[in-house]
Structures are given as structure tokens and as C-alpha cells.
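Listed here are the chains, written in short residue letters.
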Amino acid sequence: MYGWIWRHLPGNAWVKALLSLLLVLMVVYVLFQYVFPWAEPLLPFNDVTVDGQ
């Protein structure tokens, strides 16, 4: 998959590296802004089973 992305990016190696970095940053942004807030109520992080005694 990464090879396919690398081959389809335009430019030389430096331009491809910069575009790859921008793609990674864009994916991280979308995950933190949209996916993780949507999924957080569905995950059992706040289901604590330890007594408060």
C-alpha cells in the first residue's frame, strides 16, 4: 500500500517525502478531531471495577 502511494505521488523524492509527511499529518488530524471523539463514548475506559473503600 505504501509503495502504491509513493509511486502515485508527483515529483522527485523530496517532494514525495514532503507530500507523504503532509498526508500523515492530515490523517492524524482527522483521527484526533473526528474519529477519536466519536469513538470515545463507545469504549469502556470509564467503566471502573475497583471499589472506593
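Parameters at a glance
- For every chain, the first residue of its written sequence is number 1, and the numbers climb from 1 along that sequence.
- Given that this is a predicted model, residues contribute local features only at a pLDDT of at least 70 and side-chain atom pairs are listed and counted only at 80 or more, while totals for whole chains, interfaces and linings are drawn from all residues.
- The basis for the side-chain values is all heavy atoms of the structure; hydrogens and waters are excluded.
- Counting from the N terminus, the helices are DSSP H or I runs at least four residues long and the strands are E runs at least two residues long.
- We compute the radius of gyration over the C-alpha atoms and compare it with the globule rule, which gives 2.2 Å times the number of residues raised to the power 0.38.
- Throughout this description, buried means an accessible area under 20% of the type-specific maximum (1.4 Å probe, protein chains only), exposed means over 50%, and partly exposed covers the range between.
- UniProt positions are given in the numbering used here, feature names are shortened, and annotations may be inferred rather than shown by experiment.
- The residues that make up patches have over 30% relative accessible area and no salt bridge, and they are joined within 9 Å when like-charged or within 5 Å when they are Val, Leu, Ile, Met, Phe, Trp or Tyr.
- Computed by Shrake-Rupley with a 1.4 Å probe, the accessible areas treat only the displayed protein chains as cover when residues are assessed.
- By salt bridge we mean one thing: a side-chain nitrogen of Lys or Arg within 4 Å of a carboxyl oxygen of Asp or Glu.

What follows concerns the overall build of the protein chain. Helix and strand content of the protein chain: two helices and zero strands. In terms of overall size, the protein chain is more extended than a compact globule, its C-alpha atoms giving a radius of gyration of 19 Å where 53 residues would be expected to give roughly 10 Å. Expressed as lengths along the three principal axes of its C-alpha atoms, the size of the protein chain is roughly 65 × 20 × 15 Å. For the protein chain, the residues scored as buried account for 6% of the 53 residues in total.

Take the UniProt feature "transmembrane region" (unreviewed entry) in the protein chain next. The UniProt record marks residues 12–36 with the feature "transmembrane region" (unreviewed entry), using the residue numbering of this structure. Spanning residues 12–36, this segment combines 96% helix with 0% strand, and its end C-alpha atoms are found 34 Å apart.

Right, let's get into a nonpolar patch on the surface. On the surface, a cluster of nonpolar side chains totalling about 1,100 Å² of accessible area is made up of L23, V24, M26, V27, V28, Y29, V30, L31, F32, Y34, V35 and F36. In this fold, L23 is placed in helix α2 (residues 13–39).

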